[in-house]
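# Descriptive structure summary
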Amino acid sequence: MKLVKIVLCALGLMILGQTGFAQNKNRAIDQVIAIVDTSLVTKLELENRITLIEKQFKAANRPLPPSADLREQVLERLISERIQLNLAKESGVKVSDKDLDRIIGNIAGQNKLSPAEFKDKIEKEGSTFAKYKEELRKEVQLARLREREVDARVQVSESEIDSYIAEKDRGRLLQAGNDEIYLAQMLVSLPANASESELAAAKKKAEDILKDVGSEKDFLAYGKRIATPGSGVRVEDLGYRTLDRLPQLFVDATQGVGSNQLVSRVLQSGAGFHIIKVIDRKGSVVSNTQNIVVTQTQARHILLRHRNGVTDLEAQRRLNSFRDQIKVKAADFAQLAKKHSEDGSAPNGGNLGWMSPGELVPEFEQAMNQLNVGEVSDPVRTEFGWHLIQVIERRQAQLSAEKQREFARAALRERKLEEAYEDWLRQIRDAATVEIRQQQ
């Protein structure tokens, strides 16, 4: 059976934050800092989330934004999450205990741990497993709400696909879909239903910033200096992204703009006026190419499906035994696949044929991409079961017309999803009743 690409929620070890009031009568009651419709955001919850984000920045060796900015951004994120959780509750979006246990099992497998080992890991990191489960439940609820309210409504038309492919023919796509551009931006925000005078004032402000920042060496540092609370200016480090993960407005404006260069004009969107700088580029742009060129991989695998009575550890031990036999040449991968693999590819020695990027489930593809030709992976867990993977060969190939349209549809959908999600967040934020209280 050929593996089919699936879209997974971005589930991991992120803890959404801790809510609640102190119960000990000797401690002060936790301060309410925001009322979101009928829900509360507390000071303790905010402080816990800030501490978590500071740890994440430190672990990634990234500089933290100014304390006041970080606090404001984290509070807005908590408010947004609370609005979404309220909507999920009203809409009947739930996550059953059975679903939650299955998701935790998948996360544990991706970390090469048994469920018991994963539980121990969570508790050693300072959280109770019960609390981790409830916070993960909230995260899954938010993902399911987004799927229902946003993802299901995003459609890609055939004419949009035609335009995307024509754009590629003019050299506006990166060769393998893996080349990246590093952008930073300053955004002069517009209020909802901005008047002509507000529009003109925001545009002039953005143009003045563009003029001034041209003489600055550090775009982001300058942005942080002027993006003070109440200024209406926001600075964002967008990091490295492929073109299909950027708004089309940015893609068009950065064509021909080299590393460490500003886009020469202010860009206008529904959010406001953007000042964009290209910090860096990875890879090279292909001009006048007639087809999208991708790296295809020919691989084979042995699949042991998830079965009642067979634990993850038993499946891993069995595949590790196969791997050891292959390494010392005591057995041939294809012969082991024919005998033991529980997949439709078994009669062909587990050979999956030539696969283009995005055709396999993410866990499988990520593990496969890390292998050299001839190399055999460690056991890899996916929703289908446990896999042992070997890369047979790689090649550069042009996508067929049908594959080009599939590629274009997926890229356009991802871009539209991101834009639709941001629009939806703004809409529900505007519609919510939010009272932010002065912190003492």
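Just so it is clear, the model here is predicted, and its values are computed rather than measured. (Residues numbered from 1 in each chain as written. Predicted model: local features only at pLDDT ≥ 70, side-chain atom pairs only at ≥ 80, totals over all residues. Heavy atoms only, no water.)

## Things to note about the overall build of the protein
Stated formally: Numbered from the N terminus, helices here are DSSP runs of H or I no shorter than four residues, and strands are runs of E no shorter than two. Relative accessibility thresholds used throughout: buried, under 20% of the residue-type maximum; exposed, over 50%; partly exposed, between the two (1.4 Å probe, protein chains only). Contacts are assigned to residue pairs with any non-hydrogen atoms lying within 4.5 Å of each other. For every accessible area listed, the method is Shrake-Rupley and the probe measures 1.4 Å; residues are considered covered only by the protein chains on display.
Within the protein one finds 13 helices and twelve strands. A buried classification covers 44% of the 440 residues belonging to the protein. Here the analysis covers contacts within the protein between residues at least 6 apart in sequence; of these, 74% occur between residues at least 24 apart. By element, 49% of the accessible surface of the protein is carried by carbon and sulfur atoms, the whole surface being about 23,900 Å².

## What about the nonpolar core?
Inclusion rule: Here, nonpolar core refers to any group of buried Ala, Val, Leu, Ile, Met, Phe, Trp, Tyr and Cys residues whose side-chain atoms link them within 4.5 Å.
Val41, Leu46, Val74, Leu75, Ile79, Ile83 and Trp424 are the most contacted members of the largest nonpolar core, which totals 23 residues. Of all the elements in the fold, those that place two or more residues in this core are β1 (32-36), α1 (43-59), α2 (67-91) and α13 (401-431). Considering every element that reaches this core, the biggest residue donor is α2, with seven residues. Here Trp424 is in contact with Gln84, Leu87, Leu145, Glu149 and Val150, once residues within four sequence places are set aside. Among the nonpolar cores identified, the runner-up in size contains 18 residues, and Ala184, Leu190, Val235 and Ile275 belong to it.

## Structural notes on the side chain of Ser377
With respect to the helices, strands and loops of the structure, Ser377 is situated in the loop between α12 (362-369) and β10 (380-382). Look at Ser377 and you get buried, because its relative accessible area is 4%. In this structure, Ser377 is in contact with Arg323, Leu371, His387, Leu388 and Ile389, ignoring residues within four places of it in sequence.

## Re the side chain of Gln296
Worth spelling out the cut-off: Pairs of N or O atoms within 3.5 Å make up the polar contacts considered here, provided that, within protein, one atom can donate a hydrogen while the other can accept it, and that residues adjacent in sequence are counted only when both atoms are side-chain atoms.
Secondary-structure assignment places Gln296 in strand β8 (residues 293-305). There is a polar contact of 2.9 Å between the side chain of Gln296 and the side chain of Ser356. A polar atom in the side chain of Gln296 sits 2.8 Å from the side chain of Arg395. Ignoring anything within four residues of it in the chain, the contact list for Gln296 reads Trp354, Met355, Ser356, Glu393, Arg394, Arg395 and Ala397.

## Considering the pattern of salt bridges
Worth spelling out the cut-off: Any Lys or Arg side-chain nitrogen located within 4 Å of an Asp or Glu carboxyl oxygen qualifies as a salt bridge.
Scanning the model with the defined rule gives 26 salt bridges in all. For Arg49, the salt bridge identified is with Glu81, shortest N-O distance 2.7 Å. Taken as a pair, Arg49 in helix α1 and Glu81 in helix α2 lie far apart in primary sequence, 32 residues in all. With relative accessibility at 4%, the residue Arg49 sits in the buried group. Of the residues examined, Glu81 reaches a relative accessible area of 12% and is grouped as buried.

## Some words on the packing of aromatic side chains
Heads up, the rule is: A pair of aromatic rings is counted whenever rings of Phe, Tyr or Trp (Trp by its six-membered ring) have centres within 6.5 Å, and the orientation is called stacked for planes under 30 degrees apart, edge-to-face for over 60 and tilted otherwise.
If you walk through the whole model with that rule in mind, you get four aromatic pairs. Aromatic side chains Phe118 and Tyr132 sit 5.8 Å apart centroid to centroid with 75° between the ring planes, which places their arrangement in the edge-to-face category. A residue pair is termed long-range when its members are at least 10 positions apart, and Phe118 in helix α4 (residues 115-124) and Tyr132 in helix α5 (residues 129-149) qualify at 14 residues. For the pair formed by Phe118 and Tyr132, the shared burial category is buried. Following the ring pairs from residue to residue traces out a cluster consisting of Phe118, Phe129 and Tyr132.

## Some thoughts on the packing of α2 against α13
Heads up, the condition is: Axis definition: a line fitted to C-alpha atoms, over the contacting stretch in the case of helices. Angles run 0 to 180 degrees between N-to-C directions. Comment on the angle field: the value is read as roughly parallel under 35 degrees, roughly antiparallel over 145, roughly perpendicular from 65 to 115, and oblique elsewhere.
Contact geometry for α2 and α13: axes closest at 10 Å, N-to-C directions at 85°. On the basis of their axis angle, the class for α2 and α13 is roughly perpendicular. Of α13, the residues touching α2 (which contributes Glu76, Ile79, Ser80, Ile83, Gln84 and Leu87) are Tyr421, Trp424, Leu425, Ile428 and Arg429.

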